[in-house]
Amino acid sequence: NAGVTQTPKFRVLKTGQSMTLLCAQDMNHEYMYWYRQDPGMGLRLIHYSVGEGTTAKGEVPDGYNVSRLKKQNFLLGLESAAPSQTSVYFCASSQPQGRYTGELFFGEGSRLTVL
Amino acid sequence: DAKTTQPPSMDCAEGRAANLPCNHSTISGNEYVYWYRQIHSQGPQYIIHGLKNNETNEMASLIITEDRKSSTLILPHATLRDTAVYYCIVRVKNYGGSQGNLIFGKGTKLSVKP
């Protein structure tokens with residue numbers, strides 16, 4: 001049981017390049033999320049998904065796209081990377097609050113640098 | 001979701017109880033209080049949550065005041081491994097698809113010292 005796995009863990013991009021971050025969870029969770037964390041700051045929600053085939057915008061969605069074609073995977077794409085997107089990206093998953101605690105399980109993070 | 005206020009940093013001696021305060025004076029009746037912690041740039045880790053009753057689990061205790069405007073996370077016997085940033089978050093219960101929209105502030109950096 002690996003929990004939430006993010007790939008890659010480190011990446012350096014040049015401005016304008018594109019890339020995709022992959023998040024995979026093996027807990028059969030309904031909900032998945034992408035956050036970013038800048039130095040000295042808390043986490044900010046980029047996009048989230050409440051089920052396979054559905055996505056929604058969070059606090060800071062501009063410049064990112066997401067897809068959830070399979071329940072266990074949530075992809076975060078940068079179509080044209082900018083230096084402002086240099087950050088640490090965290091993926092998380094959870095079950096809906098109600099019958100469950102609603103706690104989020106986080107991956108270890110992906111460190112992205114855009115030059 | 002209501003905002004929270006936490007002190008930016010706190011120190012605690014190893015083996016002593018760490019009491020981390022959180023103010024959430026604008027909390028509404030259907031909002032839960034959640035606590036997470038983040039150890040040195042790892043992914044945040046869930047600690048505990050509650051609505052109005054005090055809660056305890058294997059990691060910590062959560063004390064919520066009767067008016068629910070503030071709470072305290074208690075680590076009963078802090079160890080060096082408890083050094084982390086602790087986030088207090090309020091979240092609406094079953095807020096449709098956005099119930100996962102946890103708003104992380106800057107948290108409290110707890111330093112446990114030998």
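Residues numbered from 1 in each chain as written. Chains lettered and ligands numbered in written order. Predicted model: local features only at pLDDT ≥ 70, side-chain atom pairs only at ≥ 80, totals over all residues. Heavy atoms only, no water.

(A) Examining the interface of chain A and chain B more closely. Contacts between chain A and chain B engage 25 residues on the former and 25 residues on the latter. Here chain A meets chain B over a buried area of about 1800 Å², counting both sides, of which 49% is carbon and sulfur. At the boundary of chain A and chain B, one finds 3 residue pairs in polar contact (both at pLDDT 80 or more). (Contact = heavy atoms within 4.5 Å. Buried area = accessible area lost by both parts, 1.4 Å probe. Polar contact = N/O pair within 3.5 Å; in protein donor to acceptor, adjacent residues only side chain to side chain.)

(B) Molecular detail of the state of the cysteines. For the coordinates displayed, the defined rule picks out 2 disulfides over all chains. Here Cys23 of chain A pairs with Cys91 of chain A through a disulfide, and the sulfurs are 1.8 Å apart. On the sign convention where negative is left-handed, the bridge of Cys23 of chain A and Cys91 of chain A, at about -80° about the S-S bond, is left-handed. Of this pair, Cys23 of chain A sits in strand E3 (residues 19-25) while Cys91 of chain A sits in strand E9 (residues 87-94), placing them 68 residues apart in sequence. Each member of the pair, Cys23 of chain A together with Cys91 of chain A, is buried. The partner cysteine of Cys22 of chain B in its disulfide is Cys88 of chain B, sulfur to sulfur 2.1 Å. Around the S-S axis, the bridge from Cys22 of chain B to Cys88 of chain B shows a dihedral of about -80° and counts as left-handed. In this pair, Cys22 of chain B is assigned in strand E2 (residues 18-23) and Cys88 of chain B in strand E8 (residues 84-92), connecting sequence segments 66 residues apart. Taken as a pair, Cys22 of chain B and Cys88 of chain B share a single burial class, namely buried. (Disulfide = S-S within 2.5 Å. Helix = DSSP H or I, 4+ residues; strand = E, 2+ residues; numbered from the N terminus. Buried < 20%, exposed > 50% of the residue type's maximum accessible area, 1.4 Å probe, protein only.)

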